[in-house]
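Commentary on secondary and tertiary structure
As a plain string of letters, each chain reads:
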Amino acid sequence: MAETDAFTGLMDHVAQGFEALGAAILVLGAIWSVVLAATTAWRSRSSARAYLVARRAFGGTLLLGLEVLVAADLVRTVAVSPTVDNVLVLGLIVVIRTFLSFSLETEIEGVAPWRRALTSGARTIHRATENARDSRTPPGPESSDRR
């Protein structure tokens, strides 16, 4: 019984770690999005371009944060308290977060996810960073694909 309690406690801490990581990603990603937007505005003298860079970077941050928070929910539900109620709640959370991820990805990319190569939140953040660094190319998915 003590081993089960120790395992459950450890997995609860792992889930809390994922939650803390997800929150840190969201906070740091929001800050990074503002930095990218300010840098882009300063370099390109275009508020429209800065807005697009901020939108893409923060959208990618939200996608990455959602993925990590889903991992926290999975660990907590499967390893800490795998009751039928918790599994049903997890299913609802996954459905809602999947819809949010789909909506965000469609909004950021401008096309449905299955119409483009697979992109993750990290790839979207990377593309936004590259767009902010290169003020000569217009923002958009095609500008980073040329590299």
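Residues numbered from 1 in each chain as written. Predicted model: local features only at pLDDT ≥ 70, side-chain atom pairs only at ≥ 80, totals over all residues. Heavy atoms only, no water.

Our next topic: the pattern of salt bridges. Going through the model one piece at a time under the given rule, you end up with four salt bridges. Look at the salt bridges and you will find they share partners, linking D12, E19 and R76 into a network. (Salt bridge = Lys/Arg side-chain N within 4 Å of Asp/Glu carboxyl O.)

Once that is clear, we can look at helix 1 (residues 2–44). Look at helix 1: 61 Å from first C-alpha to last across 43 residues, which is about the 63 Å you get at 1.5 Å a residue. Among the residues of helix 1, those classed as buried are M11, A15, G22, I25, G29, S33, L36, A37 and T40. Residue R45 follows helix 1 closely and has a positive phi angle near 55°. (Helix = DSSP H or I, 4+ residues; strand = E, 2+ residues; numbered from the N terminus. Expected span 1.5 Å × (residues − 1). Buried < 20%, exposed > 50% of the residue type's maximum accessible area, 1.4 Å probe, protein only.)

To continue, consider the packing of helix 2 (residues 47–80) against helix 3 (residues 84–109). The N-to-C vectors of helix 2 and helix 3 enclose an angle of 165°; their axes lie 10 Å apart at closest approach. The pairing of helix 2 with helix 3 is recorded here as roughly antiparallel in orientation. The crossing of helix 2 and helix 3 is left-handed. Of the residues that constitute the contact of helix 2 with helix 3, the class distribution is 13 nonpolar, five polar and seven charged. (Axes fitted to C-alpha atoms, helices over the stretch in contact; angles between N-to-C directions. Parallel < 35°, antiparallel > 145°, perpendicular 65-115°, else oblique. Left-handed = near helix turned anticlockwise from the far one by under 90°. Nonpolar A, V, L, I, M, F, W, Y, C, P; charged D, E, K, R; others polar.)

The subject of this paragraph is the nonpolar core. Core analysis: the biggest nonpolar cluster contains five residues, these being L36, V53, A57, A128 and A132. Where this core is concerned, the elements lending two or more residues are helix 2 and helix 4 (121–133). With residues up to four places along the chain from it excluded, the contact list for A57 reads S33, L36, I125 and A128. (Core = buried A, V, L, I, M, F, W, Y, C linked by side-chain atoms within 4.5 Å. Contact = heavy atoms within 4.5 Å.)

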